[in-house]
Amino acid sequence: MSNPRDRGAFWGVDIGGTTIVIGFLENGFRRVATMDMDIRESPERTLERLSEAMEGTGTPAGAVGVGIAGLVDAGRGILVSSPNLPEWRDYNVRERLSLLLRCPVIVDNDCNVFAIGALSRGLIPGSGLWLMVTLGTGIGGTIILDGRIVYGTGFAGEFGHMTVEAYGRECPCGSRGCWERYAAAGALSRYYSEFGGEEGTRPVVIAERAAAGDVNASSAFTRFGEWLGIGLANLYHCLNPEGVFLAGGLSGSADLFLPSARKEFSSRCGYEWNVMQLPASSTAGAEGAALMAVRRFDGAEEGA
Ligand SMILES: [Zn+2]
C-alpha cells in the first residue's frame, strides 16, 4: 500500500456539539469549512455531509484525523458515548468515514487532538507532566507526559466525570456529582439564576454582565471558580503535574473565576498553583487532528 501522502493531503476534522471544523495541512493548516452540527441528525448523514464538503474542495484525502467530543475508544475509532451527541452512541466513526473517503482514518477525543495541536505550536512544553482541562459544555481532560498523551488502557483524562459531590447532581454519563455538573457551562448558568439572574443565560452574556459590574454575574463566576478549584486540587493530589492549561470556550473568562479557583485550591492542598490559559483557537483542534493523522499514517507506519 502506498504512502497516504502520495494519494492526497492529511486532513483534520474537529466535530463539536455546535460546529464541525475541517481543513488540511499544506504549508501549515488550512481551514476549508466550518459546518453547522445538527445533533438530531444521524451520524451517517453528518459524515456524508462532511465527506461531500471535503471532496468538493478538489483536494483528495490521503488520511484523516478526527477529534470528537465524548468518550472515544481511540484504538477502535468508536465514539462510545457523548452527552452532547446522543445519536452517536457506540458509533464507529473510523469505519464509516474511511468507507466514505476511501482512506485511513484515526479518531480521538476533541481534547486530546487540541492538545496535539497545542504541543505542535509549542504552547504546551514537550517535557514533564502537564494537564489540559477544557471548560465548555462539559469538561474535557488530557494528560501529557513528555510531549505524549497518556491513555492508560484507553480513556485516561476523563476529568469531567470525577466525582466531586458524592450524592450530587445526576450526570448524563450515568453517575452523579461529576465535576462537569459543577464547573462547566450549564453550572455557570445555574449559579447565575440562583444568585438572581435570568434562567438559561448563556455564559458569554454572563461574562459580559460580570465585566460590566453585575454582582449576580460575578457571584456566579466566583462560585464556578470554587468548584473548578476543588477539582484541580483533586487532580494535583493524584498526578502532581507541573501545571495545568485551561482551554475551551469558558477559559476566555478566566479572569472572572481564577481568583476564587486559586483560593479554593490553596485551602485544599499545598501544591504550587500553576494554572494557565491556552490562547483561544477555532482551528487548533482540527489542526491537531490532521497532525495526529500524519503521526499515525505518514511513511513506513502506513498499512500497519
Ligand atoms: Zn458524569
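Computed from a predicted model, the values in this text were never measured in an experiment.

Overview of the overall build of the protein
Right, on to step 1. The helix and strand inventory of the protein stands at 9 helices and 13 strands.
Right, on to step 2. A compact globule built from 304 residues would reach a C-alpha radius of gyration of about 19 Å, and the protein, at 19 Å, matches this within 12%.
Right, on to step 3. With the C-alpha coordinates aligned to their principal axes, the bounding extent of the protein is approximately 60 × 40 × 35 Å.
Right, on to step 4. Across the 304 residues that make up the protein, the buried fraction comes to 46%.
Right, on to step 5. For the protein, contacts bridging at least 24 residues in sequence account for 65% of all contacts bridging at least 6.

Examining the pairing of strand 1 (residues 9-15)
Right, on to step 1. The element strand 1 is largely enclosed, with a buried count of 7 among its 7 residues.
Right, on to step 2. Residues Ala9, Trp11, Val13 and Ile15 line one face of strand 1 and the alternating positions Phe10, Gly12 and Asp14 line the opposite face, and both faces are buried.
Right, on to step 3. Alignment of strand 1 against strand 4 (residues 61-68), held across 7 bridges, turns out to be parallel. Bridged to Phe10 within strand 4 is Ala63.
Right, on to step 4. One ladder, built from 5 bridges, connects strand 1 with strand 2 (residues 19-25); its direction is antiparallel. Across the sheet, residue Ile15 finds its bridge partner in strand 2, namely Ile20.

Here's the deal with the nonpolar core
Right, on to step 1. Trp11, Val64 and Ala293 are the most contacted members of the largest nonpolar core, which totals 92 residues.
Right, on to step 2. Broken down by element, the residue count for this core peaks at 11 residues, all from helix 7 (residues 215-239).
Right, on to step 3. For this core, the two domains that each supply at least three residues are domain 1 (4-114 + 282-301) and domain 2 (125-277).

Concerning the sheet that holds strand 4
Right, on to step 1. The sheet built from 5 strands is open, its strands ordered 3-2-1-4-8 with mixed pairing. Bordering the open sheet on either side are strand 3 (29-36) and strand 8 (105-109), each of which pairs with just one other strand. When strand polarity is set aside, the average angle formed by the axes of neighbouring strands in this sheet is 20°.
Right, on to step 2. Against the sheet, helix 9 (residues 284-297) touches strand 1, strand 2, strand 3, strand 4 and strand 8, its axis set at about 135° to strand 1.

Structural notes on the domain arrangement of the protein
Right, on to step 1. Assigned domains within the protein: domain 1 (4-114 + 282-301) and domain 2 (125-277).
Right, on to step 2. Placing the centre of domain 1 and that of domain 2 at their C-alpha centroids yields a distance of 27 Å.
Right, on to step 3. Across the contact, 12 residues belong to domain 1 and 16 residues belong to domain 2.
Right, on to step 4. Taken together, the elements giving at least two residues each to the side of domain 1 that touches domain 2 come down to strand 5 (71-73) and helix 4 (110-120).
Right, on to step 5. Looking at which element gives the most residues to the side of domain 1 that touches domain 2, the answer is helix 4, with 4 residues.
Right, on to step 6. Split into classes, the residues belonging to the side of domain 1 that touches domain 2 amount to 5 nonpolar, 5 polar and 2 charged.

Examining helix 2 (residues 43-55)
Right, on to step 1. Between its first and last C-alpha, helix 2 extends 18 Å over 13 residues, near the 18 Å set by a 1.5 Å rise per residue.
Right, on to step 2. Those residues of helix 2 that sit buried are Thr46, Leu47, Leu50, Ser51 and Met54. Projected onto a plane normal to the axis of helix 2, the buried residues spread over an arc of 130° and lie on a single side. Those residues of helix 2 that are exposed and angled more than 90 degrees off the buried face are Glu44, Arg45 and Glu52.
Right, on to step 3. Against strand 1, strand 2, strand 4 and helix 3 (93-101) lie the buried residues of helix 2.

A closer look at the sheet that holds strand 9 (residues 129-135)
Right, on to step 1. Pairing is mixed in the open sheet, where 5 strands are placed in the order 11-10-9-12-13. Of all strands in the sheet, those bounded by a partner on one side alone are strand 11 (148-149) and strand 13 (275-277).
Right, on to step 2. Bridging between strand 12 (residues 243-247) and strand 13 involves 3 bridges; their strand directions are parallel. Paired with Val244 across the bridge in strand 13 is Val275.

Parameters and conventions
- Residues numbered from 1 in each chain as written.
- Predicted model: local features only at pLDDT ≥ 70, side-chain atom pairs only at ≥ 80, totals over all residues.
- Helix = DSSP H or I, 4+ residues; strand = E, 2+ residues; numbered from the N terminus.
- Rg over C-alpha atoms; globule rule 2.2 N^0.38 Å.
- Buried ≥ 20, exposed ≤ 12 C-beta atoms within 10 Å, placed from the backbone.
- Contact = placed C-beta atoms within 7 Å.
- Pairing = 2+ DSSP bridges.
- Core = buried A, V, L, I, M, F, W, Y, C linked by C-beta atoms within 7 Å.
- Domains from an automatic or database assignment.
- Axes fitted to C-alpha atoms, helices over the stretch in contact; angles between N-to-C directions.
- Nonpolar A, V, L, I, M, F, W, Y, C, P; charged D, E, K, R; others polar.
- Expected span 1.5 Å × (residues − 1).
- Arc of directions from axis to C-beta.

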